[in-house]
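# Understanding the architecture of this molecule
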Amino acid sequence: MMRLRKMIFSSLLALFVFFLIGGGKSVQAASYDNNTLTSYGIPATVVEVMMNNSMYADGKSPTQEEPNLKPTEFTVGDVTELQVVSLANRMGSYQSTANSTVADWVANGAANSVYDISPNVYAQNTEDKVTGDSGSLANKALIFDGHTLDNHYAPPFNMLMQIIASANNATTVDLTGVTSEVKDTTLAQSLISLFQTPRLSSLNTLLLGDDNLTDFKFYMMGQTVMDVTDAQNVTALDLSNNGTSQVAWGQNFPIMRQLDDLDLAGNQVATISDTLNNMLQSIVKHAGTTDMSSSSLQMSDWNTLQNIIAVLNATEGDIKLSDKSVNDIVNSQPQALNDGAVAAVFNQLNTDSIQKLLSSNNSLSEQTKTALTHKLSGKDDSGGTGGTSTAGNNVAVSGNLDFGTNSLSDLDSTFQENGSLDFTATLLPGSKLTATLASWTGQDGSFFGGIITLPNNGIFNGDINLNNTNSPVLSENKGNAPVTLTQHTLTGITLNIPEDQQTRIRATSYKTTITWHVNADQSANQN
């Protein structure tokens, strides 16, 4: 695994907080920072879930940071210092699952007691209504629809959503399973919509899996939980396991603007509405990934078929579909897929699909047709460690890169990889070998763009700099005969972090992927 670990020491704490809040701006303590969460009527058991599963910048949960801290002592100020805010089971595996304590509390709560979802309540969650000495967190009161300050009307679930949305340092908010036991999907959507995403200036990852949100049609979603400001950079959205067969038509979800990671796994998506298509287009635009591996797309729906073919044919992005959906698409319109689309789903194709492509798609390149013919005859050229081949072109890469454990004070350094990569490639005449580097992503959801330099080593066209915005040509065969680069070992690989990316880095473990290509049909991934 290619990994850059960032470790913060006590002497660097001030510097780290400076990076976290951004721009060197000071953060003034609010008058309500010392208010405990339980003082808003939030059960201590629910607060304990947050303490056990959330994370500070040093990678520790509040429980780990202060083992003697009681849930009745956990404050709003403590929440604002969290980098990951979670109401789900999360610590240890980073695989979020619903927490039964939270889910039971929400599902068994009564309207106007535990929560309020009346139409005018959503306007009470904006920054101007929540913060400040006259805001709801200071007064412990929602003032609307006849509720006065003296009433101290403050449904605890509403207040909890306001408190979490006040966590300005949070890069990740995990609401997985919060409404998993709410049987009425409209109620579940209404409750989740009490969360005001635009208030979190540092947020880049929002997890809403297993929340029974089904079609996301509640009218307030696009103005609250699925909304963002122009200044925000939310890139990852988890909507997995929500019982979704279709995302409602005509929804405007600003959160999709910068998405490069959309998780729809566990949803048997059947149709692609205009709303979902806009999400997929954003993924393609940002060369990202969408997991629709549980999809069961309806080929009888014209919009679904045309929309999915368009994103599969795009030159960027990775749309993961189920085997059934892939082969249904090919059998419905084999002539509509280009070389890139076929390459992307190559390993999922069954015999009928291959035959359809060969007989009906005249636009495919000879290399793709040859690869399909080989696969059909059992002579599939796929193979080798971490690589694929088509009609003689191939690339295989093995080995792991690890840039070690480093300090936040050394971000201007050149980080040296002590290991190596074993590399083999064959290029047919006219073929090019290229490589792309994804953004580095942290366990806490943060990310940055780094530059990995591959030294010439007698293989490439000079030293090669890889970053998340380029795809340089490493080698090109301009001759008339195949060229084989045999088992060259790449050493001396380095990592540099541009100055404008250093403020994105947190005290956590990061990983990235290098994808190696021979023409459009070949790729090998190195993690």
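As a reminder, the structure under discussion sits directly above these lines.
Read on for a plain summary of the structure. (Residues numbered from 1 in each chain as written. Predicted model: local features only at pLDDT ≥ 70, side-chain atom pairs only at ≥ 80, totals over all residues. Heavy atoms only, no water.)

## Concerning the pairing of strand β7 (residues 289-292)
With burial as the criterion, only one face of β7 is covered, namely that bearing T290 and M292; the residues T289 and D291 on the opposite face remain uncovered. Pairing analysis gives three bridges linking strand β6 (residues 261-263) to β7, with the strands arranged parallel. In the strand pairing of β7, D263 is matched with D291. Following the backbone out of β6, through helix α10 (residues 274-285) and into the adjacent parallel β7, one traces a crossover that is right-handed. Taking the sense of rotation as the criterion, the β-α-β connection linking β7, helix α11 (residues 302-312) and strand β8 (residues 318-321) turns out right-handed. (Buried < 20%, exposed > 50% of the residue type's maximum accessible area, 1.4 Å probe, protein only. Helix = DSSP H or I, 4+ residues; strand = E, 2+ residues; numbered from the N terminus. Pairing = 2+ DSSP bridges. Right-handed = clockwise from strand over helix to strand, strands pointing away.)

## Section: the sheet that holds β8
Overall, parallel pairing links the seven strands, which are arranged β2-β3-β4-β5-β6-β7-β8 in an open sheet. The strands lining the two open edges of the sheet, one partner per strand, are β2 (84-86) and β8. Geometrically, the sheet is characterised by an average inter-axis angle of 5° between neighbouring strands, direction not taken into account. Across three bridges, strand β4 (residues 205-207) lies against strand β5 (residues 236-238) in parallel orientation. By the bridge assignment for β5, L206 is matched with L237. (Axes fitted to C-alpha atoms, helices over the stretch in contact; angles between N-to-C directions.)

## As for the pairing of strand β23 (residues 514-518)
Most of β23 is tucked away, with four of its five residues classed as buried. Bridge count for strand β14 (residues 432-437) against β23 is five bridges, and the pairing is antiparallel. Its bridge partner lying in β23, T434 is registered against H517.

## Observations regarding the packing of aromatic side chains
If you walk through the whole model with that rule in mind, you get five aromatic pairs. Ring centres 6.4 Å apart and planes at 45° place the aromatic pair F144 and Y153 in the tilted group. Residue Y153 is classed as buried on the basis of its relative accessible area, which comes to 13%. Taken together, the ring pairs connect Y122, F218 and Y219 into an aromatic cluster. (Phe/Tyr/Trp six-rings, centres within 6.5 Å; stacked < 30°, edge-to-face > 60°.)

## Considerations on unusual backbone geometry
Even without glycine at this site, K140 takes up a positive phi of about 55°. Inspection of the secondary structure assignment puts K140 in the loop between α7 (136-139) and α8 (156-164). Unlike most non-glycine residues, F216 shows phi in positive territory, near 55°. Mapping F216 onto the fold places it in the loop between β4 and β5. The class of F216 is buried, set by a relative accessible area of 1%.

## Structural notes on the sheet that holds strand β12 (residues 415-416)
Judged by pairing direction, the sheet is antiparallel, and its four strands sit side by side in the order β12-β21-β17-β18 without closing on themselves. The outermost strands of the open sheet, each flanked by one partner alone, are β12 and β18 (464-466). Here two bridges tie β12 to strand β21 (residues 494-496), and the two strands are oriented antiparallel to one another. Counterpart to Q416 in the pairing with β21 is T494.

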